[in-house]
Amino acid sequence: MHIAVLAGDGIGQEIMVEAVRVLDALNLPDLRLDHADVGGVAYKNHGHPLPPATLDLAKTADAVLFGAVGDPDCDNLDRHLRPEQAVLGLRKEMQTFANLRPAKAFAGLENLSALKPDIAGAIDLLILRELTGDIYFGEKGQRKTDAGLREGYDVMAYDEEEIARIAHVAFKAAQSRRKKLCSVDKANVLQTSVLWREVVNEVASDYPDVELSHMYVDNAAMQLVRNPGQFDVMLTGNIFGDILSDQASMCVGSIGLLASASVGTGTKGLFEPIHGSAPDIAGQGIANPSAMILSAAMMLRHSFGMESEAVRIEQAVATVLQQGILGHDLGGSASTQEIGDAVVAQLAS
Ligand code: NAD
Ligand code: IPM
Ligand code: MN
């Protein structure tokens, strides 16, 4: 089990310490962790947010555990040197086109949600976000208009193969869950979405057991807080999934709770919390490490077939929350390390 550990910037460093402690606590045989710089810290140390040695390590390892990137000091760098380009580059290079972002209410902890408890308690959904296309990767730049005005542009585009392969992943995920798939788009305005809807409908014929619906993204954002329990799998393009998953996190309770798996066709993947480097709280030891720890659980499940170990970690995190050991993001006062301690203690019990 060769794992590339890329902690990155800000709270990425702090939460990764706890995820590694949790992995160590499982006493897995053959566990090999190799650390490397990524993001702003890599730019500072090596002149590039995704140095060749880091990319090599990510490519040769069996899985990548990724913290977060982003550093206010780097906000004015050219786009190709910004820390965020490291995670975008890794996703593209590793061809992890499918990003699984599960959001599930923790039993007995509905009151942590920003929603009314009876609405929050029904949340059990999976956002299946396309990760290597869309407006993120289309042509972009700045130019002058004919009138001499500065103009910025980013091209949104998906080809039918990109849509079909993520749709297949989404239908299969729905088959293993409650067999409901809601595809989210903006087909009333965007030509990209018109094709998206067409191709998703075509792929649907391979999955007659899955109930498919389509929803415009603005309505989806509203329905996610009105009645999130209606959703099983939500299939989205890259940018809509980015936005809706941050929203879903607050429906559960905190962005510090939501893990993700970025995967392609094989077992290899990039496992990353959905949140960022949180510069506003970095260095204070108060970040919630749960999303990072749960990302390690997703890694064990997906890359190493270790379902029971993954479930053990997930149950330990849930138990710690139920014990009322809450970080500041959830209105408590437990530190990053105290939450890590509590999860490790649960695993030992
Ligand atoms: P963010 O997710 O870093 O933070 C948003 C808010 O949530 C902040 O108030 C932060 O303190 C809080 N928060 C986030 N994670 C938390 C945790 N684990 N525990 C407690 N509180 C937490 O988003 P942002 O502020 O918009 O972006 C900050 C930087 O992170 C930017 O440079 C951005 O580009 C980057 N970013 C990186 C990733 C990634 O590496 N995958 C994801 C999102 C944002
Ligand atoms: C995420 C982040 C990234 C994204 C940024 C940092 C490029 O917001 O993983 O959700 O937009 O995909
Ligand atoms: Mn995001």
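Preceding this paragraph is the structure being described.
Here is a short report on the structure shown in this document. Treat the numbers as computed from the prediction; the structure is a model and nothing was measured. Per chain, residues are indexed from 1 in the order of the written sequence. All chains are assigned letters beginning at A, and all ligands numbers beginning at 1, according to the order in which they are written. Whole-chain, interface and lining totals are the exception, using all residues; otherwise, since this is a predicted model, local features are given only for residues with pLDDT of at least 70 and side-chain atom pairs are given and counted only at 80 or more. Excluding hydrogens and water, the side-chain values take into account all heavy atoms of the structure.

1. As for the pattern of salt bridges
Let me state the cut-off plainly: Salt bridge criterion: a side-chain nitrogen from Lys or Arg within 4 Å of a carboxyl oxygen from Asp or Glu. A run of H or I in DSSP becomes a helix once it reaches four residues, and a run of E becomes a strand once it reaches two; helices and strands are each numbered from the N terminus. Throughout this description, buried means an accessible area under 20% of the type-specific maximum (1.4 Å probe, protein chains only), exposed means over 50%, and partly exposed covers the range between.
Applying the stated rule across the entire model yields 19 salt bridges. Note that Arg-178 and Asp-232 form a salt bridge whose closest N and O atoms lie 3.9 Å from each other. In this pair, Arg-178 is assigned in the loop between helix 6 (160-175) and strand 8 (180-185) and Asp-232 in the loop between helix 8 (217-226) and strand 10 (233-236), connecting sequence segments 54 residues apart. Overall, Asp-232 belongs to the buried group, its relative accessible area being 1%. One continuous salt-bridge network, built from bridges that share partners, spans Asp-124, Arg-177, Arg-178 and Asp-232.

2. As for the nonpolar core
As a reminder of what qualifies: Here, the term nonpolar core denotes a set of buried Ala, Val, Leu, Ile, Met, Phe, Trp, Tyr and Cys residues that are joined through side-chain atoms within 4.5 Å. Residues are treated as being in contact if the distance between any of their heavy atoms lies within 4.5 Å.
In this structure, Leu-65, Phe-171, Met-234 and Leu-300 are the most contacted members of the largest nonpolar core, which totals 91 residues. Setting aside chain neighbours within four positions, we find Phe-171 in contact with Leu-181, Val-200, Val-203, Ala-204, Tyr-207, Val-210 and Leu-212. If you look at the next biggest cluster of nonpolar residues, it comprises 18 residues, including Val-38, Val-69, Val-87 and Leu-88.

3. Some words on the sheet that holds strand 10
The strands making up a sheet are joined through hydrogen bonds of the backbone, oriented either antiparallel or parallel. Where we set the bar: Two strands make a pair as long as DSSP finds a minimum of two bridges between them. Angles run from 0 to 180 degrees between N-to-C directions of axes, and those axes are lines fitted to C-alpha atoms, restricted for helices to the stretch in contact.
Taken together, the ten strands give an open sheet; going across it, the order is 2-1-3-12-11-4-5-10-8-9, and neighbouring strands pair in mixed fashion. A strand with exactly one partner marks an edge of an open sheet, and here the two such strands are strand 2 (32-35) and strand 9 (211-216). Sheet twist, expressed as the mean angle between neighbouring strand axes with direction ignored, is 25°. As judged from the five bridges shared by strand 1 (residues 2-8) and strand 3 (residues 63-68), these two strands associate in the parallel manner. Considered in strand 3, the bridge of Leu-6 is made with Phe-66.

4. As for empty space enclosed by the protein
Definition in use: Only protein atoms enter the 1 Å grid, on which a cavity is a set of points fitting a 1.4 Å probe that cannot get out and a pocket is an open set with protein on both sides within 12 Å along at least 5 of 7 lines, lining residues being those with an atom within 4 Å of a point. Grid points are joined across faces, edges and corners, and a volume is the space filled by probe spheres set on the points. Think of it as three bins: nonpolar holds Ala, Val, Leu, Ile, Met, Phe, Trp, Tyr, Cys and Pro, charged holds Asp, Glu, Lys and Arg, and polar takes everything else, Gly as well.
Here the structure, examined in full by the defined rule, presents one cavity of 30 Å³ or more. Reported here for the largest cavity is a volume of approximately 80 Å³. Along the walls of the largest cavity sit Asp-134, Met-156, Tyr-158, Val-184, Asp-185, Leu-190, Thr-192, Ser-193, Trp-196, Gly-237 and Phe-240, which together make up its complete lining. At the level of elements, strand 8 and helix 7 (191-204) are the ones that each hand at least two residues to the lining of the largest cavity. For the lining of the largest cavity, the element with the highest residue contribution is helix 7, accounting for three residues. Partitioned by chemical class, the residues of the lining of the largest cavity number six nonpolar, three polar and two charged.

5. Here we look at the site of ligand 1
Rule in force here: For this purpose, a residue is taken to be near a molecule or strand whenever a single non-hydrogen atom of the residue falls within 4 Å of it. For the purposes of these results, a polar contact is taken to be a pair of N or O atoms within 3.5 Å, where, inside protein, one atom must be able to donate a hydrogen and its partner to accept one; residues adjacent in sequence count only when each atom of the pair is a side-chain atom. Here the Shrake-Rupley method, with its probe set to 1.4 Å, supplies the accessible areas, and only the displayed protein chains count as covering residues.
Within the structure, ligand 1 sits among 20 residues, and Val-69, Glu-84, Gly-276, Ala-278 and Asp-280 are positioned closest to it. Within the side chain of His-275, a nitrogen or oxygen atom sits 3.2 Å from a nitrogen atom of ligand 1. Contact distances for ligand 1 include 2.8 Å between an oxygen atom and a backbone N or O atom of Ala-278. Computed on the free molecule, ligand 1 has an accessible area of 790 Å², of which 70% lies beneath the protein chains in the complex. Looking at the shell around ligand 1 residue by residue, the class counts come to ten nonpolar, six polar and four charged.

6. Digging into the site of ligand 2
What counts, and what does not: Placement in a cavity or pocket follows one criterion, namely that more than half of the molecule's atoms lie within 2 Å of its grid points.
Around ligand 2 lies a shell formed by Glu-84, Leu-88, Arg-91, Arg-101, Arg-129, Tyr-136, Asp-242 and Ile-274. Here Arg-129 contributes a side-chain N or O atom positioned 2.8 Å from an oxygen atom of ligand 2. A total of 320 Å² of accessible area belongs to ligand 2 in isolation, and the protein chains cover 77% of it. In a pocket analysis with a 2 Å cut-off to the grid points, ligand 2 is assigned to the second largest pocket. Per-element tally for the shell around ligand 2: the top contributor is helix 4 (residues 84-93), with three residues. Its residues assigned to classes, the shell around ligand 2 shows three nonpolar, no polar and five charged.

7. Comments concerning the side chain of Thr-192
Position of Thr-192 among the secondary structure elements: in helix 7. Accessibility expressed as a relative area gives 16% for Thr-192, which makes it buried. Sequence-distant contacts of Thr-192, defined by excluding residues within four places in its chain, comprise Met-156, Ala-157 and Tyr-158.

8. Here's the deal with the packing of helix 1 (residues 11-25) against helix 12 (residues 336-348)
The description of two packed helices rests on the angle between their axes and on the distance between the axes. This is how the line gets drawn: Orientation is classified from the angle alone, with under 35 degrees giving roughly parallel, over 145 giving roughly antiparallel, 65 to 115 giving roughly perpendicular, and any other angle giving oblique.
Two elements in contact, helix 1 and helix 12, have axes whose closest approach is 10 Å; the angle formed by their N-to-C orientations is 10°. What the angle tells us is that helix 1 and helix 12 run roughly parallel. Here helix 1 contributes Glu-14, Ile-15, Glu-18, Arg-21, Val-22 and Ala-25 to the contact with helix 12, which in turn contributes Thr-336, Gln-337, Gly-340, Asp-341, Val-343, Val-344 and Leu-347.

9. Considerations on the layout of surface pockets
Volume-wise, the largest pocket comes out at about 670 Å³. Forming the walls of the largest pocket are 24 residues, and the residues nearest its centre are Pro-102, Lys-104, Met-298, Arg-301 and Glu-314. Going through the elements one at a time, strand 4 (98-104), strand 5 (124-130), strand 11 (261-263), helix 10 (290-304) and helix 11 (307-322) are the ones with two or more residues in the lining of the largest pocket. Here the residues of the lining of the largest pocket sort into 17 nonpolar, two polar and five charged. One number sums up the size of the second largest pocket: a volume of about 380 Å³. Around the second largest pocket, the lining comprises 21 residues; the ones closest to its centre are Val-87, Arg-91, Asp-242, Ile-274 and His-275. For the lining of the second largest pocket, the elements supplying multiple residues, two or more each, are strand 3, helix 4 and helix 9 (238-252). It is helix 4 that contributes the most residues to the lining of the second largest pocket, four residues altogether. Tallied by class, the residues present in the lining of the second largest pocket amount to nine nonpolar, five polar and seven charged.

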